[in-house]
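Structural features, examined
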Amino acid sequence: MSAEQLSTEIIREALNTKLVGRNVMYYPTVSSTMDAAKMAVLDGVIEGTVIVADHQTAGRGRLGREWLSPPGGNLMLSIILYPRLEHLARLTLVSCLAIARSIEEVTLLETSIKWPNDVLINGKKISGVLVESDVNGDKVNYASIGIAVNVNLDVKSIPEIADIATSLRDELGMPVSRLQMLTALLGEFEKVYKDMCKGEPIELDWKRRLTTLGKKVSVRCGDVVHKGFAEDVDKDGNLLLRLPNKKLEVISAGDVTLKV
Ligand code: BTN
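Read on for an overview of the structure. Bear in mind the structure is a predicted one, so any value in this text is a computation, not a measurement. (Residues numbered from 1 in each chain as written. Predicted model: local features only at pLDDT ≥ 70, side-chain atom pairs only at ≥ 80, totals over all residues. Heavy atoms only, no water.)

Considering the site of the ligand
Surveying the vicinity of the ligand reveals 20 residues, the closest of which are Ser32, Gln56, Arg60, Arg62 and Lys125. Arg60 is positioned with one of its backbone polar atoms (N or O) 2.7 Å from a nitrogen atom of the ligand. Within the backbone of Arg62, an N or O atom sits 2.7 Å from an oxygen atom of the ligand. For the ligand, whose accessible area on its own is 420 Å², the fraction buried by protein is 98%. Of all elements in the fold, only helix 2 (33-42), strand 3 (75-81), strand 6 (124-136) and strand 7 (139-149) reach the threshold of two or more residues within the shell around the ligand. The element best represented in the shell around the ligand is strand 6, accounting for four residues. Its residues assigned to classes, the shell around the ligand comprises eight nonpolar, eight polar and four charged. (Near = heavy atom within 4 Å. Polar contact = N/O pair within 3.5 Å; in protein donor to acceptor, adjacent residues only side chain to side chain. Areas by Shrake-Rupley, 256 points an atom, 1.4 Å probe, with all protein chains shown as cover. Helix = DSSP H or I, 4+ residues; strand = E, 2+ residues; numbered from the N terminus. Nonpolar A, V, L, I, M, F, W, Y, C, P; charged D, E, K, R; others polar.)

Dropping the structure here:
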């Protein structure tokens, strides 16, 4: 199948959101939508600007990793927000919940969330989130929420991720419209973000979907590895890890593996 054509006009026309996507910037090729977002912020773009790319030459993931995605088949975007400081820590949670709900809406596939930033289908990664921000004292200058969804990727074509990732096309056995997926995703994102700002307990549905809780895990945070029991999460999305010495460690970011 040839890649479904996207453009600023096509995306704008399809959206029915008020805040998220009220300004759309589409790039056939860009180094990274995160770089484009940073530049756009310097140019003073409005909150809710969404930057979409068909191809990234230097896509990045969490912890300085490379993000691999062949041109045209997947969704790669950054959402620019100017949130209050107390909302910043919850943006990964907001994103994962919006991604999970929108995938279910479009495909009826069941999703789960691996703490802190992965959405999974049948235990394999379908989507990842990377939040970058600039904070000065208690003012958030901007937050850029980078989201990738493997929509029509033939996962076998990338040996590095073939065993751990999946795509909507691979799960359903047929292609999925990127535009439909993007519209649903931005719609859900706007809903969940607004609910969070109103103080709604959005973490409840997020927590219900987490696969990480109730398991013995190792959490790598830079050079430090914490081992313990993933007991709970708090409303900001921090993981509460019960250590062997019975102390409770509050972890805001890291790489989780099941402990053997
Ligand atoms: C991860 O799972 O490590 C997060 C991956 C985030 C990838 C997306 S693709 C759109 C945006 N631009 C980037 O360079 N990265 C994020």
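Next comes the rest of the account.
Structural notes on the nonpolar core
Counting 59 residues, the largest nonpolar core has Ile11, Leu77, Ile79, Trp115, Leu168, Phe189 and Trp206 as the members making the most contacts within it. Sequence-distant contacts of Leu168, defined by excluding residues within four places in its chain, comprise Ile103, Thr107, Leu109, Ile121, Ile126, Asn150, Val151, Met174, Val176 and Met181. Residues Ala36, Val41, Val45 and Ala53 belong to the second largest nonpolar core, which totals 10 residues. (Core = buried A, V, L, I, M, F, W, Y, C linked by side-chain atoms within 4.5 Å. Buried < 20%, exposed > 50% of the residue type's maximum accessible area, 1.4 Å probe, protein only. Contact = heavy atoms within 4.5 Å.)

What about the sheet that holds strand 4 (residues 112-114)?
Across the sheet, seven strands lie side by side as 1-2-3-7-6-5-4; this open sheet has mixed pairing. Each of the sheet's edge strands pairs with one partner strand only, and the pair in question is strand 1 (23-30) and strand 4. Sheet twist, expressed as the average angle between the axes of neighbouring strands with direction ignored, equals 20°. Its contacts with the sheet place helix 2 against strand 1, strand 2 (49-56), strand 3, strand 6 and strand 7, and it is angled at close to 25° to strand 3. On top of the sheet, helix 6 (residues 178-197) reaches strand 2, strand 3 and strand 7; it is set at about 25° to strand 3, its chief contact. (Pairing = 2+ DSSP bridges. Axes fitted to C-alpha atoms, helices over the stretch in contact; angles between N-to-C directions.)

Quick word on the pattern of salt bridges
If you walk through the whole model with that rule in mind, you get 23 salt bridges. Note that Lys191 is salt-bridged to Glu188, the shortest N-O span being 3.4 Å. Of the two residues, Lys191 and Glu188 are both situated in helix 6; the distance of three residues between them amounts to about one turn of the helix. Close ionic contact of Asp195 with Lys198 constitutes a salt bridge, the shortest N to O distance being 3.7 Å. Judged by relative accessible area, Lys198 falls into the exposed class, the value being 62%. A single salt-bridge network, built from bridges that share partners, covers Arg101, Glu104, Glu188, Lys191, Asp205, Arg208 and Arg209. (Salt bridge = Lys/Arg side-chain N within 4 Å of Asp/Glu carboxyl O.)

Details of the sheet that holds strand 9 (residues 224-233)
The five strands lie next to each other as 11-10-9-8-12, forming an open sheet whose pairing is antiparallel. Either end of the sheet is taken by a strand with one partner, and the two such strands are strand 11 (248-251) and strand 12 (255-258). Averaged over all pairs of adjacent strands, the angle between their axes in this sheet comes to 45°, without regard to strand direction. Direction of pairing for strand 10 (residues 239-242) relative to strand 11: antiparallel, over a ladder of four bridges. Note that in strand 11 the partner of Leu239 across the bridge is Ile251.

Topic: helix 6
The end-to-end C-alpha distance of helix 6 is 28 Å, a good match for the 28 Å that 20 residues give at a rise of 1.5 Å each. Counted residue by residue, helix 6 has 14 buried out of 20 residues, so it is predominantly covered. Capping the start of helix 6 is the job of one residue whose side-chain oxygen sits 3.3 Å from the backbone nitrogen of Leu179: Ser177. Just beyond helix 6, the residue with positive phi is Gly199, at close to 90°. (Expected span 1.5 Å × (residues − 1).)

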